[in-house]
Structure formats: structure tokens, C-alpha cells
Amino acid sequence: MNSTIDYEKLKLFYIGKEKIEGNSTPLVYKNKDLLTHAAIIGMTGSGKTGLGISLLEEAAIDNIPSIIIDPKGDMTNLLLTFPNLNGSDFEPWIEEQDAINNGQTLKEFANNTANLWKNGLEKDFQSTSRIEKLKNSADFTIYTPGSDSGVQISILSSFKAPTKEVLEDNDLLVSLVNSTVSSILSLIGEQNDSSSKESILISSIFMNYFTQGKDLTLEELITLIVTPPFAKIGIFDLETFFAQSERLKLALKLNNIIANPSFKTWIEGETLDISNLLYDETGKAKVSIFSIAHLNDSQRMFFVSLLLNQMVSWMRRQEGTTSLKALLYMDEIFGYFPPNSNPPSKQPMLTLLKQARSFGIGIILSTQNPVDIDYKGLANIGTWFIGRLQTKQDIEKVIDGLSSANEGNLNKNEVTNLISNLEKRNFILKNINEDKIKVFETRWALSYLKGPIPKEGIKKLMSSKKVTKTLKNEETNDDIIPKINIEKGITKPIITTNLSEKYLYGSQNSAYYLQPYLICSCEIHYINSSKSIDLQTTESCKIYLDEEMKTINFDEKEDLGNSNFETKERPNSNFYELPSFIQSEKELKNIEKEFADYIYRNSKLTLYKNDELKLVSKQNESLSDFKIRLQDRLNEKIDLEVEKLKAKFEKENDSIENKLSKLYEKLEREQQQATSTTTDTLISIGTSILGAFFGKSSTTTTLGKVATGARGATKILKEKGDVKQVENEINQLENEKNSLQTLLENEIEKINSSNLSSNFPIEELFIKPKRSDIYNVKLELLWKEQL
């Protein structure tokens, strides 16, 4: 038995053992077939979690990143990988009650579990080296939105404006806004009805901001509900359509979310940036698990909808590709994609199922509730993994879905019979890219399948990744801001210049103490026709003001942020003193000129390029997105070279298979019984792997002949006296098969090694604006509350 096969070198997922005429042979699946998406369906205890984890393990080993939505907590098991398979590795994750129920101590039960895993791996043609490879191939992170048990993710801090590609697709933009608004309303218990005045008002606010390319924070949304940036909705004035008193009640409901102490956990942590969730800085694939078991139903729906919308927006700014570049996995789709209702999650998921394959994104959906899935939507799925089902209704529903996906070209009676007789961990595989239905037993998972990991366990697994942010005194302005005499108070200085004023309050106090800042802004136009650059941007910053200041140092500028400024001061506002130049129009004009000069000297549009691949970043493309595009190009290059390699060796593979088939047809006719396990296993492994690689539909037939013939080989050959001759023929074929596989693996390894992203360095390319392309220079006075 060859237990060190590198399936990933041939871009194959090893997912289990196919059952052919009473025999089991390794089953491999082309990772590229996931571009047509997959569904895993089976009742509790059918083994669907193990199958899902096996698929994700194979993807990680192939350096394919995954974003995983985990409503139950099972997928966190992907972090329980123990290459040494010591009992002490398992012990911290064993439930004491399980040991007691088995009449064992915790240590004994852990040792037995380690042995169980070792034996399971060996039985399925695997070794501990695959666990080590999995552990080192990808970066695994558990994110816990709304909780600090895992790595925190900031998802309520802002609703990012969609990309240009989404804005130019009105249907997609409307769908994204409607889904976002529905999820927000679900948080506060409002009915999910797109025709309600609440939905129309909030949708109008989002459309107003998004079409201007502006992000929207939840705090801004609450304010804008009370004072929208428009006077009419449709033909009616705002007050007639939705009275202010009623708008205030809606705003207060949303404000209760912010007022809740748990709100803090929703806005701290990493930003919800899809590109950063796929690869780390070194190009290693990430496995980003979003554990949401701790959230209530409305919070889960809100998060899932928001994440799916972010996926759609990110996807649409990618270039098309024919290679699998990422997976989106949802462990339990029950309630998120129903047949007879339209929750916020349904439309973005449907968009992804219809469009994601063109952008190299594969989607895997799992469920134990077949009757609560919109099978018309799942008609876009090309691979079905079907396990044990509970009721006749479930079986009928699944067959209807399969018929839709396969355009009715399905033997329903055959499938019904197969499903009805499935054992645990056994699945039917119907792949639209293959002709035949297969039955297989899932392989042993490399990860320890403990079941849902509680908060404390997640906290332990993520302890090294959670960074505690400490504010250093020198990084704040506390030591340079003069203290206000609260008892005396300072009235607002009179501004004699034409400087407009803005206010930024951060609390609801009885008194406010406001520090002055100078806001400097301008428009910059970057143009470079040879690189298709025509970009207009706004440069804004704020600069701390002190009454003793004589000049402005633009090197001390601070980010202005995406804040909701007020235009009128609140009662009981107290003010710091201003520097004298604020009162001089001439000096302010000089500051405007100095700011324009500073921008001219220091501003540049940074692009990224790789000359060998002739790739240059787009004008709005981040470095992380450019790295993904570069990786896509390399994946396509690898696929093209592998296809050429396949064509080169296909004839030789066909010749070997034909020889095997003819040899065992002769033996099969003798109808004798004997055992030749080693020959059977070796030929089966080689034939299954190379058959999948070359895409031969005849592989199953050949394997059946091989297996049947091999069982009778020894006895028949002894009786005929020509054992040595035919054994030599068998050995020669085995050696040829193994040599061909080894040669292919080595050749593909060379292809992969020569196309590593590290071999294609990214260089920066700068585009500077002309002086005439810096315009609309503007100064404003900002009064910011000091908290």
C-alpha cells in the first residue's frame, strides 16, 4: 500500500473510499469541480460534518483559502490537529463524562482516542504526515462577531460603500441595499417587508450615501433616520410619508443597540475585509471560521447577510478566472435559504450561486433539513453529496433537487434505492462533471472531531492571536491639551474670518469641552492614460490647534475619519482658545497655499506591478487584492501547464489501463476465488488517482475488473502453472502505473514550484499629480469634544 501519495500535487481532493462491486478503492475529486459548487445533505449522525471538514482540509493543503460560516460550532474542530497523535494532545479536548460513560479515566480515554485516530488514518491510506502538512499549509483563525472569545471582527462600525462594479449594476445594488436593510430591521424586530415605510426610508438613506461612494456608520444611520439628507420620498414630502415623531421612535430602537454594553464587542477588532480573510502577508492561505453559535437568531441573520453582501461586493471587483481560488462554506443553511420566504440572506446567497464560479469562488452548503431548502436556487449546484436521510419526504425533496440540477436526466428509482440503503459515513456522489453516480465512505478526518467547541475552548485556541491594544500616553494628545477651568468655563471665540465651523460630539453630557482642529481638504486628479488611470480623490486631514501656535506643521496631520459632523453647537459647550492666525484671512490663504504645496510634494497614487506577468494594479485596487489577482494568474498558468502535461501522458495511461482490463478479463472468466489484497489495493489506488486526473469515465468499469480479477488471480494461476509469467506482467503494470504517477507528481511539483507567488515580486509604481490637478483647497474649523 502506498500511504504517502501527494493527491494535492495532481490538484485532487482525497475524500474517501468508493464502493465498487463489494470492494473499496480510494476516491479522489478534482478540486476544480467545486467551481460548480457543492451541497452536502444528510441527517444528524450521517457524517456530513466529517465530509465537510475533509473537503476543507484538502483545500487548505492545496493552499486554497476558505471562509466558513459556522452556526453550530462544529467547524472549529479544524484547529484540533495533532501530528504526533499523543493522548496528551487529545486530553484537554475530551469531555470527562464521555470517559466516565466508557468506564475509563480521562487519560485512558484520551490514549484510546489517539489510537482510534491513528488506526482510522492508516485504514484510509493516510499518515500523520498529512496532519503536519495541513497544520503548516494554512493559517487558521476563529472569528467570533459580537464576542471576545475568539478574534474579534468589527462589522457594525460601518457599512462600506459598494465597489464601482456593483454601483454600475443597478439590480445588484438594489439587491445589496435591500438585504442590508432587511438584516438591520431584523435586529430590532421590525417586519421584513421591503414595502414598509421603515424599509423604504432606510433604503433611501443607503442609496443616497452609496451612490456618492460614501460609507455609512450605524451612528450616522441613526442620526440620518431623524434628519434624512433629502426632503422627499417619491412624490411626497418627507413629513407626509414618515412623520418625524415616528422616525424618532425607529431611531431610538436602533440606538438601543448602541446603548447596550455588548455593542462594544461588535465594533472592535479586525475589519470585515474579504481580501484580508483569504491570504496572509506571505501568501499563505487563510481558513477564516466565523463561529456564530453564541448569537441569537436575529444577530446571526444580520451577520450572515452582511458577510454574504461583502462577498458579493468583493467578488464583483475581481477579474474572472477559470481556477478555484477560494471557498465559501456554510455548515447549516437551514433558515437562510428557504423555499417559501425571503430572509435577508437569501438574495446575496443566490447571487453568489449564480455568479461566483466565474470569479473562481466555490460554494459548499451543508444541511440536515432537506425540506427547508430552495431547490430551484440549488439548481446552480453541480456536486451533490447525499447521506442518510430521515424520512421519505426528505428523500423525495433531494431527488427533486437532483433532477433540477441534472435537467431531469436522472434515474429516480436507482437514486431512491441507493439513499435508502446508505450506512453511516456513506454518501452518494453525483457530480455534474461525471456521468456516473458513485457511492463512497468518507475518509478519516485529519482533525479531531470533538463536536462544538465552547467559548472557553475557542478562547484557548485563539489566545496567541488576540492582541490586547494598550494606549501609550505619548500616542495621545492628553499631555499637550490645556485643561479647561470647568467652574469658570470658556465661551466660544468670535471668528472674524469666513472660516466655516463644524462640531463633533461624542457623548450626551450636560456640558461639553471642545478642542479646535483645522480641517484641510482638497481634490486630487490622478491621470495616466497608458495605465488607464483617471481617478479623482479627496484628501482630508485635521490638525490640532493651540493658542500658542504660529504656524502649521502638516507632518503632524491626523486622519479625519468618517465622522458625522454637526453644523450647530450644542447648549453648554465650552471651548479652548484659538491661535491668532485663525482670525487673519491673509494667513489662512497662505495656509491654503502651503497645504496645496504639501500635497503636491507628498501625494502619490501607489500602484503595484509585476513585469514578468505584465500585471499592473487598477486604480482602486488594494495591495491584498492585487496579490490575489496575481495568484489567480499563476493558478491559471499552472492549470494550463498541467493540461498540457495531461495531454502528453494520456496516451500512456490509456495503454496501461487497456492492458490491465484485458489481463483481468481473462482471469475473471475463470470464476475462481482467491485473495490478493496487496495487488488489489495498489492497482486500485493507482487507477483511481490517475483515472480522476485524466478524467476517464471508464475508470469505474476498469476498477471492477481489476478487483474481481485480483481476488481470483493466485489460485487460477497456480492451477494453470503460469504463475510466474502473469505475476511478472502484473508487477510490470504496477510499476508502470506507479512510475507514471510519480513522474506526473514530480512534473507538477516543478510547475507549482516555478509558479510560486514568491518568485514573482511585486514592485510599487507611483503616479504624481500635476499642480493643476490639485484643486478645491478648503480650510474649516472643527470643534471636537474631548472625552
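A brief report on the enclosed structure follows. Please read all numbers here as calculations on a predicted model, not as lab measurements.

## A short note on the overall build of the protein chain
Thought 1: Scanning the protein chain from terminus to terminus reveals 23 helices and 24 strands.
Thought 2: Residues classed as buried in the protein chain amount to 54% of the 787 residues present.
Thought 3: As displayed, the protein chain has an accessible area near 35,900 Å², and 46% of this comes from carbon and sulfur atoms.

## Considerations on the environment of phenylalanine 554
Thought 1: Along the polypeptide, phenylalanine 554 turns up in the loop between strand E18 (533-544) and strand E19 (558-559).
Thought 2: For the pair phenylalanine 554 and phenylalanine 595, spaced 41 residues apart in sequence, the C-alpha separation works out to 7.3 Å.
Thought 3: If near-sequence neighbours (up to four positions away) are discounted, phenylalanine 554 is found in contact with Cys520, Ile543, Ile591, Glu594, Phe595 and Tyr598.

## As for the sheet that holds strand E22 (residues 615-616)
Thought 1: Spatial ordering of the open sheet is given by E22-E21-E23, a layout of three strands whose pairing is antiparallel. Edge positions in the open sheet fall to E22 and strand E23 (763-767), since each of these has one partner strand only.
Thought 2: The pairing of strand E21 (residues 605-610) with E23 spans five bridges and is antiparallel. What sits directly across from leucine 605, in E23, is isoleucine 767.

## Points about the environment of lysine 133
Thought 1: Within the secondary structure, lysine 133 is located in helix H5 (residues 128-137).
Thought 2: Residue lysine 133 is classed as partly exposed on the basis of its relative accessible area of 30%.
Thought 3: In sequence terms lysine 133 and alanine 60 are 73 residues apart; their C-alpha atoms lie 9.3 Å from each other.

## Overview of helix H9 (residues 218-226)
Quick reminder: α-helices carry 3.6 residues per turn. Residues three or four places apart thus point the same way.
Thought 1: Most of H9 is tucked away, with seven of its nine residues classed as buried.
Thought 2: Within H9 the residues assigned to the buried category are Leu218, Glu220, Leu221, Ile222, Leu224, Ile225 and Val226.
Thought 3: Where the residues of H9 are buried, they touch helix H7 (170-187), helix H8 (197-210) and helix H11 (244-259).

## Here we look at the pattern of salt bridges
Thought 1: Per the stated rule, a full pass over the model turns up 37 salt bridges.
Thought 2: With a closest N to O distance of 3.8 Å, aspartate 124 and arginine 425 form a salt bridge. Of this pair, aspartate 124 sits in the loop between helix H4 (106-123) and H5 while arginine 425 sits in the loop between helix H17 (412-420) and strand E14 (426-431), and the two are 301 residues apart along the sequence.
Thought 3: Among the residues examined, arginine 425 registers a relative accessible area of 19% and is labelled buried.
Thought 4: Between lysine 618 and glutamate 319 there is a salt bridge, with the nearest N and O atoms lying 4.0 Å from each other. You can see lysine 618 sitting in the loop between E22 and helix H20 (623-668) and its partner glutamate 319 sitting in the loop between helix H14 (297-316) and strand E11 (326-330), a full 299 residues away along the chain.
Thought 5: For lysine 618, a relative accessible area of 35% corresponds to the partly exposed category.
Thought 6: Here the residues in one salt-bridge network are Lys17, Lys123, Asp124, Arg425 and Glu441, joined through shared partners.

## Digging into the packing of aromatic side chains
Aromatic rings in a pair are described by how distant their centres are and how their planes are angled relative to each other.
Thought 1: What the rule picks out here adds up to 21 aromatic pairs.
Thought 2: Considering the side-chain rings of phenylalanine 159 and phenylalanine 206, the 5.4 Å spacing of their centres and the 80° angle between planes classify their relative orientation as edge-to-face. Within this pair, whereas phenylalanine 159 is found in the loop between strand E6 (153-154) and helix H6 (164-167), its partner phenylalanine 206 is found in helix H8, the two being separated by 47 residues in sequence.
Thought 3: By relative accessible area, phenylalanine 159 is classed as buried at 2%.

## Side note on the side chain of serine 196
Thought 1: Position of serine 196 among the secondary structure elements: in the loop between H7 and H8.
Thought 2: Judged by its relative accessible area of 16%, serine 196 is buried.
Thought 3: One polar contact links the side chain of serine 196 to the main-chain amide nitrogen of serine 199, over a distance of 3.2 Å.

## Regarding the pairing of strand E24 (residues 774-785)
Thought 1: Here strand E16 (residues 500-504) pairs with E24 via five bridges, running parallel. Paired with leucine 504 across the strands is lysine 784, a residue of E24.
Thought 2: Across 10 bridges, the pairing between strand E17 (residues 512-528) and E24 is antiparallel. In the strand pairing of E24, proline 516 is matched with tryptophan 783.

Conventions used here
- Residues numbered from 1 in each chain as written.
- Predicted model: local features only at pLDDT ≥ 70, side-chain atom pairs only at ≥ 80, totals over all residues.
- Heavy atoms only, no water.
- Helix = DSSP H or I, 4+ residues; strand = E, 2+ residues; numbered from the N terminus.
- Buried < 20%, exposed > 50% of the residue type's maximum accessible area, 1.4 Å probe, protein only.
- Areas by Shrake-Rupley, 256 points an atom, 1.4 Å probe, with all protein chains shown as cover.
- Contact = heavy atoms within 4.5 Å.
- Pairing = 2+ DSSP bridges.
- Salt bridge = Lys/Arg side-chain N within 4 Å of Asp/Glu carboxyl O.
- Phe/Tyr/Trp six-rings, centres within 6.5 Å; stacked < 30°, edge-to-face > 60°.
- Polar contact = N/O pair within 3.5 Å; in protein donor to acceptor, adjacent residues only side chain to side chain.

In short, shape yes, function no, at least from these values alone.
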